[in-house]
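Commentary on secondary and tertiary structure
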Amino acid sequence: MNEMTTALRLTTPAKGGGLRGAIAFEWTKLWSVRSTWWSLAAGVLLCAVFAAVIGMSVEASEKNGFDVARPAPHLAAQGIMLVQLAVLVMATLATTAEYANGSIRATLRGVPVRGRMLLAKTAVVAAVAAAAGTVFCVLGTLVTAVFAGEHGAYTAGELAAAAFGTGVYLALIAVLVIGTGTVFRSAAGTITTIIMVLLVLPELVKVTGVGWLETAGEYTPSVAGAVLMTRAGEPYGGGTALPVLLLWAAAAVAGGWAALRARDA
Amino acid sequence: MIILDRLSKRHGEKTVVAGLSSQIRPGKVTGFLGPNGAGKSTTMRMIVGLDAPTEGRALINDKPYRAFRHPLREVGALVDAGSGHPGSSAYRHLLGLARSNGIPASRVEEVLETAGLASVSGKRIGSFSLGMGQRLGIAAALLGDPGVLLFDEPVNGLDPDGVRWVRELMRSLAAEGRTVLVSSHLMSEMQETADHLVVIGRGRLIADAPIGEVIAGSSRNAVLVRTPRPETLERRLRAAGMSVTPESGALLVTGGTPEEIGDAAFGCGVPVHELSPRMASLEQAYMELTAESVEYGSTAPTAANHRKA
């Protein structure tokens, strides 16, 4: 009996905790689950595959006389529009799986200040998303350049700008996903909503022919993201695209925080 | 110490906990009893800030749970056995919790060892049996060496060795001066483990007393009397206001102490061959206290019911 009790003593003084502890917690949790690893690996693989396909398509189109030559980073960005799903899945599961398997209760016992928990989770996932975005952009550019040859010529400056823009875009939509996931608490509802907002809605409003709807559709996150990744200048410049994305992300976080504070775990 | 101050929880129309007030003191094991649906789990969740009370408050050492900078070093809890992500290993689950509160990683191995999970620390939580999951939850509660511990049905799924381990663990934790609150349906275990009882029914406090008092309050406390002249004694005892039930050749008497019964027998010249007090069990005392409050009861088959059917 005595062995049992002395073994239970924790003698180191209390330290850590707070936001740093919450961030360490979220970081540990994120990399403890296989879904994080395979969704990012799938993203890398798909990125390479799409980039190759895009490169080959440009090469073939140019041979047929179409002028589709663009800097390779901007060509690869088209593929990233689909590859972003890998990051979205990772961000969704990082949020909703805790509700599905009940581990949110352990999380909130470790970090009972709910705003702090949400901030830590958002910071960790956004950082990983930003790194993933940068990797996707560089990898996609290199692969596309191989297949597109001189039709995909680019400068280091263009690559740097595109990599930065892609990192920022994926970080901000990761934030959007976490906020949404905290409100819905289910992976299915979150992913469906995000796919609707990012991929379906912008295309849908284009075919309606209704003026204000089409304009509104330009301010969806994926359109703003495309601007950041390619510096296309239309329908608006990076100076508008960034605030648009920030607003979307902020709205999702605000909604998530309100839901988190109001509801029982 | 845990203070419950007029704690209430309502879900729309339904009141789950109603004005619960109690002080759960350190140095003893407090058993938290009540029928299913009485509000025990909800109360424990309110203590650790998972559910927000509709009214009232739950305080640990005079502070709400979220006010602690290192909550896991103050309060350890096994509530709602949702241990961790099924894809995570036991070790990494506890490591994350440890890091959240600045607890060193070496501590994780210590508690896994104490909980008997050292050999499976690298296994995925999803592959754990119910008993292993419970042990993991107990390990998580012990992680921060907290002064206050809450256990919601800790022996669920444990084998007899595990049940004994939990009992000894609770007693040693209380002996060290910690506050220990345990809810359980296993009456025989509770009788061995608890020093003090808080009994609730339909969200309301029914009893808050040392275990001896709760059992003594049961009407099933009786005295068994064996005598060659039961009819005479029975008449004398009934005249004195006690109730007498014949039982397998002896008399079971309630409403009188062994001294009174012995004196009554002497007074009417009846020899007494056995005079022994029969204590009610905790289960009997508990059933009497909560008979009115059973939320999800079943009817036991009786002769009358059979005839109807």
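Before going into details, it helps to say that this report is about the structure given with it. (Residues numbered from 1 in each chain as written. Chains lettered and ligands numbered in written order. Predicted model: local features only at pLDDT ≥ 70, side-chain atom pairs only at ≥ 80, totals over all residues. Heavy atoms only, no water.)

What follows is about the overall build of chain B. For chain B, the count of helices and strands is twelve helices and 13 strands. Along the longest, intermediate and shortest principal axes, the C-alpha atoms of chain B span 75 × 50 × 45 Å. Going through the 309 residues of chain B one by one, you find that 51% of them count as buried. Approximately 13,700 Å² of chain B is accessible, and the part contributed by carbon and sulfur atoms is 51%. Once the 34 positive and 33 negative side-chain charges of chain B are each reduced to a mean point, those two points are 5 Å apart. (Helix = DSSP H or I, 4+ residues; strand = E, 2+ residues; numbered from the N terminus. Buried < 20%, exposed > 50% of the residue type's maximum accessible area, 1.4 Å probe, protein only. Areas by Shrake-Rupley, 256 points an atom, 1.4 Å probe, with all protein chains shown as cover. Lys, Arg positive; Asp, Glu negative; His and termini not counted. Charge placed at Lys NZ, Arg CZ, Asp CG, Glu CD.)

To continue, consider the interface of chain B and chain A. The partner chain A presents 37 residues to the 50 residues of chain B that form the contact. Around 3,700 Å² of area is buried between chain B and chain A when both sides are counted, 54% of it from carbon and sulfur atoms. For the pair chain B and chain A, the interface holds one salt bridge. Among the salt bridges present, the one from Asp264(A) reaches Lys9(B), with a minimum N-O distance of 2.9 Å. Counting the contacts that link chain B with chain A gives 15 residue pairs in polar contact (both at pLDDT 80 or more). Within the residue set of the side of chain B that touches chain A, elements represented by two or more residues are β1 (2-11), α2 (71-74), α3 (90-100), α4 (105-114) and α6 (160-175) of chain B. Class assignment of the residues belonging to the side of chain B that touches chain A gives a composition of 18 nonpolar, 17 polar and 15 charged. (Contact = heavy atoms within 4.5 Å. Buried area = accessible area lost by both parts, 1.4 Å probe. Salt bridge = Lys/Arg side-chain N within 4 Å of Asp/Glu carboxyl O. Polar contact = N/O pair within 3.5 Å; in protein donor to acceptor, adjacent residues only side chain to side chain. Nonpolar A, V, L, I, M, F, W, Y, C, P; charged D, E, K, R; others polar.)

Right, let's talk about the packing of aromatic side chains for a bit. Aromatic ring pairs are defined here through the distance separating the ring centres and the angle between the ring planes. Residues and elements named next belong to chain A. Tallying each qualifying case throughout the model produces three aromatic pairs over all chains. Taken together, a centroid distance of 5.7 Å and an interplanar angle of 65° make the contact between Trp-27 and Trp-31 edge-to-face. Placement of the pair is Trp-27 and Trp-31 together in helix α2 (residues 18-32), with a separation of four residues, close to one helical turn. For Trp-27, a relative accessible area of 43% gives the class partly exposed. Here the aromatic rings of Tyr-219 and Tyr-236 are separated by 5.1 Å at their centres, their planes lie at 20°, and the arrangement is stacked. Highlighted residues: Tyr-219 in the loop between α9 (211-217) and α10 (221-230) and Tyr-236 in the loop between α10 and α11 (238-262), separated in sequence by 17 residues. When its relative accessible area of 36% is taken as the criterion, Tyr-219 is described as partly exposed. Its relative accessible area of 6% is what places Tyr-236 among the buried residues. Three or more aromatic residues joined by ring pairs form one cluster here, namely Trp-27, Trp-31 and Trp-37. Positioned above the aromatic ring of Phe-25, the side-chain terminus of Lys-29 is 4.5 Å from the ring centre. Across the ring face of Trp-257, the terminal group of Arg-261 is positioned such that the distance to the ring centre comes to 4.9 Å. (Phe/Tyr/Trp six-rings, centres within 6.5 Å; stacked < 30°, edge-to-face > 60°. Lys NZ or Arg CZ within 6 Å of the ring centre and 35° of its normal.)

So, on to the sheet that holds strand β13 (residues 274-278) of chain B. All names here are of chain B. Read across the open sheet, the four strands follow the order β11-β12-β10-β13; overall the sheet is antiparallel. In this open sheet, the two strands that pair with only one neighbour each are β11 (243-247) and β13. Neighbour-to-neighbour, the strand axes of this sheet turn through a mean angle of 25°, independent of strand direction. The sheet contact formed by strand β10 (residues 222-226) and strand β12 (residues 250-254) spans three bridges and is antiparallel. Each bridged residue has a counterpart across the sheet, and for Val-225 the counterpart in β12 is Leu-251. Sheet contacts for helix α9 (residues 230-239): β10, β11 and β12; angle to β12, the most-contacted strand, approximately 10°. Where helix α10 (residues 258-267) meets the sheet, it contacts β10, β12 and β13, and its direction lies at approximately 155° from that of β13. (Pairing = 2+ DSSP bridges. Axes fitted to C-alpha atoms, helices over the stretch in contact; angles between N-to-C directions.)

Read these as spatial facts, not as claims about activity.
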